[in-house]
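What the coordinates show
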Protein chains: 10
Amino acid sequence: MSDTPEQTHPLHLGQQSALPVSPEDAVLDYVPNPRKGSLYLIRFAAPEFTSLCPVTGQPDFAHLVLDYAPEETIVESKSLKLFLGSFRNHCGFHEDVTVGIGQRLFDEMKPRWLRIGGYWYPRGGIPIDVFWQSGSPPEGLWVPDQGVASYRGRG
Amino acid sequence: MSDTPEQTHPLHLGQQSALPVSPEDAVLDYVPNPRKGSLYLIRFAAPEFTSLCPVTGQPDFAHLVLDYAPEETIVESKSLKLFLGSFRNHCGFHEDVTVGIGQRLFDEMKPRWLRIGGYWYPRGGIPIDVFWQSGSPPEGLWVPDQGVASYRGRG
Amino acid sequence: MSDTPEQTHPLHLGQQSALPVSPEDAVLDYVPNPRKGSLYLIRFAAPEFTSLCPVTGQPDFAHLVLDYAPEETIVESKSLKLFLGSFRNHCGFHEDVTVGIGQRLFDEMKPRWLRIGGYWYPRGGIPIDVFWQSGSPPEGLWVPDQGVASYRGRG
Amino acid sequence: MSDTPEQTHPLHLGQQSALPVSPEDAVLDYVPNPRKGSLYLIRFAAPEFTSLCPVTGQPDFAHLVLDYAPEETIVESKSLKLFLGSFRNHCGFHEDVTVGIGQRLFDEMKPRWLRIGGYWYPRGGIPIDVFWQSGSPPEGLWVPDQGVASYRGRG
Amino acid sequence: MSDTPEQTHPLHLGQQSALPVSPEDAVLDYVPNPRKGSLYLIRFAAPEFTSLCPVTGQPDFAHLVLDYAPEETIVESKSLKLFLGSFRNHCGFHEDVTVGIGQRLFDEMKPRWLRIGGYWYPRGGIPIDVFWQSGSPPEGLWVPDQGVASYRGRG
Amino acid sequence: MSDTPEQTHPLHLGQQSALPVSPEDAVLDYVPNPRKGSLYLIRFAAPEFTSLCPVTGQPDFAHLVLDYAPEETIVESKSLKLFLGSFRNHCGFHEDVTVGIGQRLFDEMKPRWLRIGGYWYPRGGIPIDVFWQSGSPPEGLWVPDQGVASYRGRG
Amino acid sequence: MSDTPEQTHPLHLGQQSALPVSPEDAVLDYVPNPRKGSLYLIRFAAPEFTSLCPVTGQPDFAHLVLDYAPEETIVESKSLKLFLGSFRNHCGFHEDVTVGIGQRLFDEMKPRWLRIGGYWYPRGGIPIDVFWQSGSPPEGLWVPDQGVASYRGRG
Amino acid sequence: MSDTPEQTHPLHLGQQSALPVSPEDAVLDYVPNPRKGSLYLIRFAAPEFTSLCPVTGQPDFAHLVLDYAPEETIVESKSLKLFLGSFRNHCGFHEDVTVGIGQRLFDEMKPRWLRIGGYWYPRGGIPIDVFWQSGSPPEGLWVPDQGVASYRGRG
Amino acid sequence: MSDTPEQTHPLHLGQQSALPVSPEDAVLDYVPNPRKGSLYLIRFAAPEFTSLCPVTGQPDFAHLVLDYAPEETIVESKSLKLFLGSFRNHCGFHEDVTVGIGQRLFDEMKPRWLRIGGYWYPRGGIPIDVFWQSGSPPEGLWVPDQGVASYRGRG
Amino acid sequence: MSDTPEQTHPLHLGQQSALPVSPEDAVLDYVPNPRKGSLYLIRFAAPEFTSLCPVTGQPDFAHLVLDYAPEETIVESKSLKLFLGSFRNHCGFHEDVTVGIGQRLFDEMKPRWLRIGGYWYPRGGIPIDVFWQSGSPPEGLWVPDQGVASYRGRG
Ligand SMILES: [Ca+2]
Ligand SMILES: [Ca+2]
Ligand SMILES: [Ca+2]
Ligand SMILES: [Ca+2]
Ligand SMILES: [Ca+2]
Ligand SMILES: [Ca+2]
Ligand SMILES: [Ca+2]
Ligand SMILES: [Ca+2]
Ligand SMILES: [Ca+2]
Ligand SMILES: [Ca+2]
Ligand SMILES: [Ca+2]
Ligand SMILES: [Ca+2]
Ligand SMILES: [Ca+2]
Ligand SMILES: [Ca+2]
Ligand SMILES: [Ca+2]
Ligand SMILES: [Ca+2]
C-alpha cells in the first residue's frame, strides 16, 4: 500500500481521451498487477453499453459484468471504458459481442481466469443474457454471484 | 356480516363458464353492493391480461389494476375475469383497450367513481402505461397508490 | 409514562382465552386511552386472517391493516386478535367482511376516525383489495400510507 | 374497442425504419387519439437512451420517463423510439436534452399536459436527474409517481 | 466480432411474421453459433407466455426462462418468440408444456446442455413452478441462478 | 404436448368440492406423470395455510413450499389444495405438521425425491421454519432455492 | 459552517456516560440551534429500542423515528440515545411510550413542530404502530415520509 | 399428525412466565422430537435480542437466527424466548454471546447438528456478524441460506 | 438542443482539478441556464460525502441529495463535486453542514427554489437526516420524492 | 459467557482516540479470542471507507466487508475502525488497497482464514469490486455470502 505509484503510468487516467471509432481501434491498457502473486478477483460492472443490431441496424443496450483473476497485469479501468465505448457504432449479435469482449481481454491480458456476463435489454419482449468463462474458476478463488436482477416484465 | 347471502346469486362463481369469444360477447355480472351507503374502494389486480396488436396481429400483454367506489352494485369477480379473458383474440391499441375497459365498467355499473391503470409489457424496448379515471376522487374516499413497479430494463 | 397501570385491567392480555365461535360471540375489549386528548394514530397489521366464501365454502385469506385515532378508549390488542380469529368459520364476501370489521370497531369504540384496508389473496388470478374509512382524516392527524405491496403475479 | 383500426396508418409500426441521423431529422408520428375527449394519461419508459457530452464527446446514458395527457393526437411509440434513438450522435447537456425532448413533443403534439423525467447515469460519482412539466397537472387527471429508484452508490 | 454477418439470414428478424396457429406449425430458426467451440450459456426470459387449461379451457399464464449451452447452432430469438406465441390456443398441463418446450428445443437444436424453468401464475391460490434440465451442467459452464422471485401471496 | 388429455380425469379440477374435515379424510389425487421418464422438479407454493396449536387451540399460519421430482404420478393441484385446507381444524406442532405433509405425499406418491419448507408466522416474536427432504437430491435434478424471505421483524 | 464550535459543550458526546435507570432520571441535552432562523427538519431513526410490558413484564421492542423542526435548540444525539436507553426497565404500553417520548421532547425543547412514529414488533402476530405529531406541519417545512416498511408476516 | 399431543407438557407454552434474571437462571425446555428418526431442520429467527457491552455497559442489539437438526428432542420455543430474554442484563462481547448461545443449546440438546448466526447492530459505524456451526451439515440435510440482509449504511 | 455549446466554458469539466482545501476555498461554477425561462427541477445525488466531527475529530459520512429550480444559471456538476470534496477536512455538525451547503448554493446561485436532504450514517446506532428547503416549492414545479431508503438497522 | 471480562483491556473501546495519520501509523488491537478452539466466522461491514486516487488525488469511496475465522486472537472493532479511517489521506489503487487491508490483518492476526470484499463507487460509470481470500475456506466453517447489492446504474 505504498503512496508512490511510480511504476504505473496509465495511458488514459487523468487525461482527456477521444472515443475509439471501433473495437479494432481501441487499445486496452494493461498495467502491472499491484498484488502480483495473490489470487484475487476484480469485477467491473458496466451498465452503459450499446452496440448496433447487424440485421436491423437498430441500437442494442446491455449491462455487462466482467470478473477476472489477474496474473502479470490488470486492465486499467479508463481504457476499459473507452474500449466498451468503441462498440457504439459496431454491429454484432448479443452472443458474439459478449463472448468476444471476454475473449479479447482474456487473450490479450492472459489472466488466470476470466468471466463475462452480458445482460441485454429485451427485444420482442424477450431479453437475452450471455455467460462465458475461460474455464472452471481456479481452486481457492472467491467468485461471488454477479447478482444482476432477472428480467421480470411488468407487474 | 350475515352468513346467509341469499340475495346474491352470481352467474359464474362456483360454476364452470366458457371464455366469451369477444368483449362484446362478455356479460359482466353486477350484484347488490353488500355495504351500500358506505363510501369505500374496491381494487382488482389482473396481471394475466392479453390482447392482440391491431397492426401486426402479435400478442400484447398487460398488468391491469382497477379501482372503484361502488354505488348500487359491485362487479362479481369471476365475471370480471371472464370479461378480461375475452380480449384474448381482440385487436386494440394499448390506450384504447385500457380506457375502454374502464369506461365500459363505469357506464354499465354506474359506480360513484372508477380508475384503471394499464401497465403494458415493452414493445421496441419502451413500455406504455395508461391511466384513466372518471374524475377526481370523491371527497372522503381513500385511494392508495396502485404501487406497480416502474419498468427498469436491465441491470 | 407511569409504571403503574392500575386503571387498565385487560380481559385477555396475560390470560388463556379460547377463540370465539363467531364474530357475534366475540367481545372486543376497549380500555381507557392512555393519551386521551392527544390526536394520534394507532395502526394494527393483521396478516393472519381467514374466513370462508359464502358461495363455495372454501377458505379465504387476507392481510388486514387497521388505522384509527382514539377518543375515549383504545382497543386492547389481544381482544382484537380473538375477534379477528372468530371469522375462521364465518362466511362472507371480501367487501362485506372488510368494511364490516371497520364499521363494528367504529360503532363500538367511537374513535375520532378509523380506516381499514383488506388485502385479499387472489381468486381466479385476481386479488381484491378493499379500502374503507369513516370520513376524511381529521386535520392535524398524521396518517402514513399502509404500504402493503401490490400484487404482482409471477416473474 | 373496435377491432378495425382503419383510421390509423402508422409510419413505422410494422415497418423496417432506419435510425434518423439527428433529432432534427427525426419525424414524430402523431396519430388520432383513440379516446379523444377522455382525460387520461399515457406514460412511456425509455431506459435505452444515449447521447454525447458536448464538452468531452464521451457518451452519456439516461433512463427517460415521459407522461402526457393527449388532446387531438397521441404519439405513435415506434416513431418515439426512433426519435429517441436519433440522439445517439447528438451532443447536449443533461438539462438541455431532457427538457428539450419534453418541449418538442409538447410543441408539436399540443397535448393537454406533459411531463418528462430524465434519470442520468452518474458522472464524477454524482448522477443528475431533470424534471420538467408543462404546468400543474389538469384537475381530475391521475398522475402516479414515476417511481424510478433513487441513486444509491454502493453497499 | 466482425461487422458483416453475411452467413446468417434469419427467417423472421427484421420481417413481419404471423403467429403460428399451433406449436406443431411453428418453425424454429437455428442459425450458426457465432462462437462455436466456446462453452458458454445463453439465457432467454419470456414473461409473456399463455396457453389453455386442457380441463377447463381457461387461459393459463407463465413466466418462462430458458438456458442453454450451444453446440453447432443457436436459436434465433424472433423465431423463439413466435414459437412461444403459438401456444396461445394450445391446451396443456403446466408440467407438460414446460418440459415439452425444453425437450423440443433440445431435440431439434442438439445443444450441449439445456434447462427450462416455468413459473406459472397461481390457480386455487397455489402457483406451480416446473424445472427441467437435460442433465447435470457440463463442467466449466457458468450457470447463474434464474433468480425469479418466489410467489408470496399478499402482505 | 398433445391437446387431448383423455387419459387424465382429475377428481376435483373443474368440479365443486367441499373441504375435507380432517387430513385423514382428505384424498389426494395422483394422476399419470405426463413426462414420465424425464427427471424434473415440480414446485407448489401455498401461502394460504392454517392449522391449530395443540396446546392453546389458537390458529397458526404458514407459507408452505413443496418440491418434488415425480416418478409414475404427479399430484393434481386442486386435490393438494383441498388436502392443505383440511388442516384448518387440525391441531399440530409446526415441526410435526410440516414434516408430516411432506412424508404423507412421499409415502403415497412415491416420487424420486421430495422436499418441503414450512415458513410459519411468528409466535412470541420468533417464527419457526421447518425444512425436510427425503434425502439428497438425485444427481442431475435441478432444484433452485425456495427463496422465501427471511423474517425481519420491524424497521 | 465554522470550524470552531466553541459555543456548544455537549454533556455526553465524546464522554463515557452510564445509562440512566429510568426515563425520569434521564437528562436530555439541548444545545443551541446552529441554523437558528432557518425552517428545517431533523430526523432521528432509533431501531434499538426496548421497554417492558406493564401487564406481563415481558420485553417489548420498537423501531422509533423522530422528526422535528427546531426553534432555539436542538437535541444532542448522544443524550437522546441515553434517554431512549433509559426505557430498558420501564413498563409502558406501546401507545403511551411512543406518544410520551414525543411529548416530553416537545415540551422540553419547544420546537416549531415535532412528529414521532413508533413501529413495534408483533405481539400475538399483530404489530402496533403509533403516530403522533404536535399539529399539522408548518407551511414551507419539508417532511419526507418516514418510509418504514409495513409488517408483512411471512412469505 | 395425531391430534392428541399427550406426551408433551411444555413448561411455559400457554403459561405466564417471568423473565429469568440471567442466562444461568434460564431453563430451556427440551420436548420429545415429534418426527424422531427424520433428518430435518428447524429454524428460529429472533430479531428481538439485547444484551450489554462488558466494557461500556451500554445496550447492544442483535438479530439472531438459529438452525438445528434435532435428535431425541426439540427445544420448546417459549423457553427459547425466555432464555434469549435472560441476556437483557448480561454483559458479553458479540462473538462470545453468539457462539455461547449456540454451544449451550448444542451441549444441552445434543442435536445432530446446529448453526447460529448473530447479526449485530453497528457500533462505530461497523456491524459485526458472527457465524458458528457444530461442524459441516450432515449429508442429506437441507439447509437454506439464512438470507439476512447485509448492512448497507445509508443511500 | 443545439450541438454547439459555445457559450459555456466550464472551469473544471474536462480538466484536471485539485481538491480545494476547505469549503471557503472552493469556487462553484455557475453557467448559463440552457433552458432559461422554463420551470424545471435539477437533482444531484452525492453518496460520496465526508466531513469531520467538531467534537471528536472522527470522520462522518453522508449521502446528500440536492434539488433546485434554476433561474439565470445552473451549477456545473464537476465544480459541485469539488465543493463537496472540500469538506473532507472540515469540522461541522450534521445539521450545520447540510443546511449550510444548501444555503450557500441558494445564496450564490439565486435559483427559484432549492432543497437539500442529508442522510447521515449512524452514530451511537442512530442516524440523523436533515431536510431544508428555501420555502414551499413554486406552483407548477414537479418535485418527486428523493426516495432515499430509511435506515433499518439489521435483520 | 462470563460477565467479568478481566482478561481483555481494549486500547480504544470506551476511550477517545485520534485518527491515525496513515495506515503505517495505525495500530490494530488484537485481543484474546473469547471462543478459542471453536471454528467460527466474524464479519465486519464497513460502508464508511475513503482513500485517495494515486493518479488524480481525488477521493475514492468504498464499502468493505471483512470475514475471518479467528485463531488465538480477534481484532477489536474500534481499532479496526481507526485503522480503516487512517486511509483517509492515503493514495492507493482500488485493487491494492483492498487486498492490502486483508493481507495486513491476515499477517498480523494469523487467523485460520480471512476474506475481504471491496465494493468501490463507480468511476467513469464503472465500479470496481475486489475479492481476496487467504485460501479456500476451512472445511466445516460456515461462510454466508456477503450479499452486497450489485451496481445497477439507473432505472
Ligand atoms: Ca466494427
Ligand atoms: Ca372484437
Ligand atoms: Ca421489448
Ligand atoms: Ca438499468
Ligand atoms: Ca357467522
Ligand atoms: Ca409479472
Ligand atoms: Ca445535432
Ligand atoms: Ca395443439
Ligand atoms: Ca404473506
Ligand atoms: Ca386430526
Ligand atoms: Ca419508570
Ligand atoms: Ca451473567
Ligand atoms: Ca451506500
Ligand atoms: Ca473549514
Ligand atoms: Ca430490524
Ligand atoms: Ca501512506
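Values in this document were obtained by computation on a predicted structure and should not be read as measured data.

1. A few points about the relation of the copies chain F and chain C
Once chain F has been moved 0.0 Å along the axis and rotated by 180°, it coincides with chain C to within an RMSD of 0.0 Å. Such values leave the two copies arranged in the relation of a two-fold axis. A shared interface surface links the copies, since 100% of the contact residues of chain F are contact residues in chain C too.

2. Quick word on the relation of the copies chain J and chain A
Once turned by 72° and shifted 0.0 Å along the axis, chain J lies on chain A with an RMSD of 0.0 Å. The transformation relating the two chain copies, once decomposed into turn and shift, fits a five-fold axis. A low fraction, 3%, of the interface residues of chain J reappear at the interface in chain A, so the copies pair through non-equivalent surfaces.

3. Some thoughts on the state of the cysteines
Residues and elements named next belong to chain A. Under the definition given, this model contains zero disulfides over all chains. Counting only cysteine sulfurs, Cys53 is the nearest neighbor of Cys91, a cysteine outside any disulfide, at a range of 7.9 Å. A relative accessible area of 19% places Cys91 in the buried class.

4. Structural notes on the interface of chain F and chain C
Between chain F and chain C, the contact holds 21 residues from the first and 22 residues from the second. The contact between chain F and chain C buries some 1,700 Å² in all, and 46% of this surface belongs to carbon and sulfur atoms. At the junction of chain F with chain C, the criterion picks out two salt bridges. Summed over the shared surface of chain F and chain C, the result is eight residue pairs in polar contact (both at pLDDT 80 or more). At the level of secondary structure, the elements contributing two or more residues to the side of chain F that touches chain C comprise strand 2 (40-52), strand 3 (59-69) and helix 1 (77-85) of chain F. Broken down by element, the side of chain F that touches chain C gets its largest block of residues, six residues, from strand 2 of chain F.

5. Details of the UniProt feature "binding site: substrate" (unreviewed entry) in chain A
UniProt records the feature "binding site: substrate" (unreviewed entry) at Val75, Glu76, Ser77, His94 and Glu95 of chain A, using the numbering of this structure. For the annotated residues, spread through 21 residues, the largest C-alpha to C-alpha distance comes to 24.9 Å, inconsistent with a single compact locus. Mapped onto the elements of the fold, Ser77 of chain A is located in helix 1 (residues 77-85). Beyond its immediate stretch of four places on either side in the chain, Ser77 of chain A contacts Phe44 of chain A together with Ile128 of chain J. Mapped onto the fold, Glu95 of chain A is located in helix 2 (residues 94-109). Among residues more than four places away in sequence, those in contact with Glu95 of chain A are Ile128 and Val130 of chain A together with Pro34, Arg35, Tyr40, Ile42 and Ile74 of chain E.

6. Comments concerning the coordination of the calcium ion (ligand 6)
Listed as protein donors to the calcium ion (ligand 6) are Arg154 of chain A (O) and Arg154 of chain C (O); their distances from the metal cover 2.6 Å. You can see Arg154 of chain A sitting in the segment after strand 6 (128-133) and its partner Arg154 of chain C sitting in the segment after strand 6 (128-133), one on each of two chains. Residue class for Arg154 of chain A comes out buried when judged on its relative accessible area of 2%.

7. Considerations on the confidence of the model for chain A
Confidence along chain A averages 93 in pLDDT terms, with 92% of residues attaining 70 or more. Between residues 1-7 of chain A, whose pLDDT stays under 50, and residues either more than four places distant or in other chains, the model counts 17 contacts.

8. Quick notes on the pattern of salt bridges
Side-chain pairing between opposite charges can occur once the charged atoms of the two side chains come close. Applying the stated rule across the entire model yields 80 salt bridges over all chains. Among the ionic pairs, Arg123 of chain D bridges to Glu48 of chain A, the shortest N-O distance being 2.6 Å. With Arg123 of chain D in the loop between strand 5 (113-120) and strand 6 (128-133) and Glu48 of chain A in strand 2 (residues 40-52), this residue pair bridges two chains. Residue classification places Arg123 of chain D among the partly exposed positions, given a relative accessible area of 23%. Residue Glu72 of chain C is joined to Lys36 of chain C by a salt bridge in which the shortest nitrogen-to-oxygen separation is 3.0 Å. In this pair, Glu72 of chain C sits in the loop between strand 3 (59-69) and strand 4 (73-75) while Lys36 of chain C sits in the loop between strand 1 (30-32) and strand 2 (40-52), placing the two residues 36 residues apart along the sequence. Judged by its relative accessible area of 43%, Glu72 of chain C is partly exposed. Through salt bridges with shared partners, one network takes in Glu48 of chain A together with Asp60 and Arg123 of chain D.

9. Quick word on the packing of aromatic side chains
Residues and elements named next belong to chain A. Counted according to the given criterion, the structure contains 90 aromatic pairs over all chains. Between Tyr119 and Phe131, the ring centres sit 5.6 Å apart and the planes meet at 75°, which makes this aromatic pair edge-to-face. With Tyr119 in strand 5 (residues 113-120) and Phe131 in strand 6, the pair connects residues that are 12 residues apart, well separated along the chain. The same class applies to Tyr119 as to Phe131, namely buried.

10. Comments concerning the pairing of strand 5 of chain A
All names here are of chain A. The buried fraction of strand 5 amounts to eight of the eight residues, a majority that puts the element mostly inside the structure. Neither face of strand 5 is exposed, since Trp113, Arg115, Gly117 and Tyr119 on one face and Leu114, Ile116, Gly118 and Trp120 on the opposite face are all buried. Where strand 3 (residues 59-69) and strand 5 come together, eight bridges link them in antiparallel fashion. Across the sheet, the residue bridging to Ala62 is Trp120, located in strand 5.

11. What to know about the UniProt feature "active site" (unreviewed entry) in chain A
Residue and element names in this part refer to chain A. Under the local residue numbering, the UniProt record ascribes the feature "active site" (unreviewed entry) to Cys53 and Asp60. Its location among the elements puts Cys53 in the loop between strand 2 and strand 3. Its relative accessible area of 10% is what places Cys53 among the buried residues. You can see Asp60 is positioned in strand 3. Among residues more than four places away in sequence, those in contact with Asp60 are Phe49, Thr50, Ser51, Leu52, Cys53, Gly92, His94, Trp120 and Arg123.

Parameters and conventions
Residues numbered from 1 in each chain as written. Chains lettered and ligands numbered in written order. Predicted model: local features only at pLDDT ≥ 70, side-chain atom pairs only at ≥ 80, totals over all residues. Heavy atoms only, no water. Least-squares fit on C-alpha atoms with pLDDT ≥ 70 in both. Contact = heavy atoms within 4.5 Å. Disulfide = S-S within 2.5 Å. Buried < 20%, exposed > 50% of the residue type's maximum accessible area, 1.4 Å probe, protein only. Buried area = accessible area lost by both parts, 1.4 Å probe. Salt bridge = Lys/Arg side-chain N within 4 Å of Asp/Glu carboxyl O. Polar contact = N/O pair within 3.5 Å; in protein donor to acceptor, adjacent residues only side chain to side chain. Helix = DSSP H or I, 4+ residues; strand = E, 2+ residues; numbered from the N terminus. UniProt positions renumbered as here; feature names shortened; annotations may be inferred. Donors = N, O, S within 2.8 Å, 3.2 Å for Na, K, Ca; no water. pLDDT = per-residue confidence, 0-100. Phe/Tyr/Trp six-rings, centres within 6.5 Å; stacked < 30°, edge-to-face > 60°. Pairing = 2+ DSSP bridges.

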